[in-house]
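Take a look at the letters that make up each chain.
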Amino acid sequence: MQPQPGNPAGPAANRDLTGTPFPLGDWGEPAERLDELYRWVESNALRTAEWYLSDRVWKRRCARALRVGTALGVIAGAALPLLDLTAVAADGAAGWGYLSLLLGAACMACDRYFGLTSGWIRDVATAQAVQRRLQALQFDWASESVREVLGPTEGTASEAAERCLGVLRRFSEDVTELVRAETADWMVEFRSGPAPLALQSVGVTPARPEGTHPSARFPLPPGTRPNMPRQRPPEPR
């Protein structure tokens, strides 16, 4: 069997998470057709895990560098003023301590602003989740193969093929849901960070979903009617 285009080996592992064409073939040989579909699903899962593992490399390096800078800045910012007070260091060491503390705070702010540590953790967690589901798929597929070889088979051949297709479909949906959940977490972090403040400063506000009303965020208890705003009574003349 030739390697599929989505195989993570080679330069294809560095491209974005784009889908690969669904393999079309002849169902005259159901076993070969199912084996081809399994290899296609497995290669897509391996490519997804490889993409997240490759994406976390530069985030891990940058996050570690910024965290080390934060620790050194805080330590120097706390030590230099004390050394200045005890006359151990030269005069003016307190000023350098305050500058070190400021640099440490800047490193921590950069880490939070660009989401390096959180992105690194999300990449590792998503890749591990995909690998766990892939391992479960491999055992499930081996169980289905053994059941068909050793027999007696349950139901007809069409039912067995439909059962195998259901296993592959559920796995593909699980991997897609993992990617969607990771993307949703990234969007929530982006919206809760300083990005919305920057958009508001330039006069751009995030779009509100259609069909929503401010009062819809607070649902009313069942059996109650919404109260209309009271009008101001007319002033006596």
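The text that follows walks through the structure, step by step, so that each part is easy to find. Keep in mind the model is a prediction, meaning the values are calculated, not measured.

### Topic: the overall build of the protein chain
Each helix and strand counted, the protein chain has five helices and zero strands in total. Reading the protein chain from its N terminus to its C terminus gives the helix and strand order α-α-α-α-α. Taking the contacts inside the protein chain whose residues are at least 6 apart along the sequence as the reference set, 71% of them involve residues at least 24 apart.

### Regarding the nonpolar core
Membership of the largest hydrophobic core comes to 19 residues, with the highest contact counts inside it found for Val41, Val130, Leu137, Trp141, Leu168 and Phe171. Going through the elements one at a time, helix H1 (30–85), helix H3 (116–150) and helix H4 (157–192) are the ones with two or more residues in this core. Not counting the four nearest positions on each side in its chain, Leu168 is found in contact with Leu34, Leu37, Tyr38, Val41, Leu137 and Trp141. Of all hydrophobic cores here, the second largest spans five residues; its members include Ala63, Leu66, Cys107 and Leu116.

### Regarding H4
An ideal rise of 1.5 Å per residue puts 52 Å on 36 residues; H4 measures up with 53 Å between its terminal C-alpha atoms. If you check which residues of H4 are buried, you get Ala160, Ala161, Cys164, Gly166, Val167, Leu168, Phe171, Val175, Leu178 and Glu182.

### Brief notes about a nonpolar patch on the surface
Taken together, Trp96, Leu99, Leu102 and Leu103 make up a surface patch of nonpolar side chains, about 460 Å² in accessible area. As for its placement among the helices and strands, Leu103 is situated in helix H2 (residues 93–114).

### As for the side chain of Thr126
As for its placement among the helices and strands, Thr126 is situated in helix H3. With relative accessibility at 7%, the residue Thr126 sits in the buried group. Leaving out residues up to four positions away in the same chain, Thr126 has contacts with Tyr52, Leu178 and Glu182.

### Looking at the environment of Glu42
With respect to the secondary-structure elements, Glu42 resides in helix H1. C-alpha separation for the pair Glu42 and Phe171, spaced 129 residues apart in sequence, amounts to 9.5 Å. Apart from residues lying up to four places away in sequence, Glu42 is in contact with Leu134 and Gln138.

### Overview of the pattern of salt bridges
A complete count under the given rule lists nine salt bridges for this structure. A salt bridge links Glu173 to Arg169, with the shortest nitrogen-to-oxygen separation between them at 3.1 Å. Of this pair, Glu173 and Arg169 are both found in helix H4, four residues apart, which corresponds to roughly one turn of the helix. In this structure, Glu177 and Arg180 form a salt bridge, with 2.7 Å as the shortest nitrogen-oxygen distance. Pair noted here: Glu177 and Arg180 are both in helix H4, with a separation of three residues, about one helical turn.

### Topic: H1
Over its 56 residues, H1 runs 82 Å from end to end, which matches the ideal 82 Å to within 8%, given 1.5 Å per residue. The sharpest bend along H1 measures roughly 25° and falls at Val57.

### Considering the packing of aromatic side chains
Scanning the model with the defined rule gives four aromatic pairs in all. A ring pair is formed by Phe22 and Trp40, whose centres lie 5.0 Å apart and whose planes are at 80°; its orientation type is edge-to-face. Note that Phe22 is positioned in the segment before H1 and Trp40 in helix H1, a separation of 18 residues in sequence. When the centroid spacing of 5.1 Å and the interplanar angle of 85° are considered together, the rings of Tyr113 and Phe114 count as edge-to-face. Taking the relative accessible area as the measure of exposure, Phe114 reaches 55% and is therefore exposed.

### Digging into the packing of H1 against H2
In contact at an axis separation of 7 Å, H1 and H2 are set at 160° when each is read in the N-to-C sense. One element, H1, and the other, H2, form an angle in the roughly antiparallel class. Between H1 and H2 the crossing geometry is left-handed. On H2, the residues that touch Ala63, Leu66, Arg67, Gly69, Thr70, Gly73, Val74, Ala76, Gly77, Leu80, Pro81 and Asp84 of H1 are Ala93, Ala94, Trp96, Gly97, Tyr98, Ser100, Leu101, Gly104, Cys107, Met108, Cys110 and Asp111. In terms of residue class, the contact of H1 with H2 is built from 14 nonpolar, seven polar and three charged.

### A word on the packing of H1 against H4
At a closest axis distance of 11 Å, the pairing of H1 and H4 adopts a crossing angle of 15°. Taken together, H1 and H4 sit at an angle that is classed as roughly parallel. Both H1 and H4 take part in a crossing whose hand is left-handed. The segment H1 lies against H4, with Leu34, Leu37, Tyr38, Val41, Ala45, Thr48 and Tyr52 engaging Ala161, Cys164, Leu165, Leu168, Phe171, Ser172, Val175, Val179 and Glu182. Among the residues making up the contact of H1 with H4, the classes are represented as 13 nonpolar, two polar and one charged.

What counts, and where the lines are drawn
Positions within a chain are numbered from 1, following the residues in the order the chain's sequence is written. Selection of residues for local features in this predicted model requires a pLDDT of at least 70, selection of side-chain atom pairs for listing and counting requires 80 or more, and totals for whole chains, interfaces and linings are taken over all residues. No hydrogens and no water enter the side-chain calculation; it runs on all heavy atoms of the structure. Helix and strand assignments follow DSSP, with helices taken as H or I runs no shorter than four residues and strands as E runs no shorter than two, numbered in order from the N terminus. Only heavy atoms enter the contact rule, under which two residues are in contact if any of them lie within 4.5 Å. Among buried residues, those of type Ala, Val, Leu, Ile, Met, Phe, Trp, Tyr and Cys that are joined through side-chain atoms within 4.5 Å constitute a nonpolar core. For each residue, the accessible area found with a 1.4 Å probe, counting protein chains only, is set against the maximum for its type, and the residue is called buried under 20%, exposed over 50%, and partly exposed in between. Expected helix span is taken as 1.5 Å per residue step, with the number of steps being one fewer than the number of residues. Residues with no salt bridge and a relative accessible area higher than 30% make up the patches, which join like charges within 9 Å and nonpolar side chains (Val, Leu, Ile, Met, Phe, Trp, Tyr) within 5 Å. With residues, only the protein chains shown are counted as cover, and all accessible areas are computed by Shrake-Rupley using a 1.4 Å probe. By convention in these notes, a salt bridge is any Lys or Arg side-chain nitrogen within 4 Å of a carboxyl oxygen on Asp or Glu. Note on bend: at a given residue it equals the angle between the axes fitted to the 7 residues ending there and to the 7 starting there. Classification of ring pairs rests on two measures: the distance between centres of Phe, Tyr or Trp rings, Trp counted by its six-membered ring, which must be within 6.5 Å, and the angle between planes, read as stacked under 30 degrees, edge-to-face over 60 and tilted in between. Here an angle of 0 to 180 degrees is reported between the N-to-C directions of two axes, which are lines fitted to C-alpha atoms, with helices fitted over the stretch in contact. In these notes the angle categories are as follows: under 35 degrees is roughly parallel, over 145 is roughly antiparallel, 65 to 115 is roughly perpendicular, and the rest is oblique. By convention, the crossing between two helices is left-handed when the near helix turns anticlockwise from the far helix through less than a right angle, and right-handed when the turn is clockwise. Classes in brief: Ala, Val, Leu, Ile, Met, Phe, Trp, Tyr, Cys and Pro nonpolar; Asp, Glu, Lys and Arg charged; the others, Gly included, polar.

What is shown is where atoms sit, not what they do.
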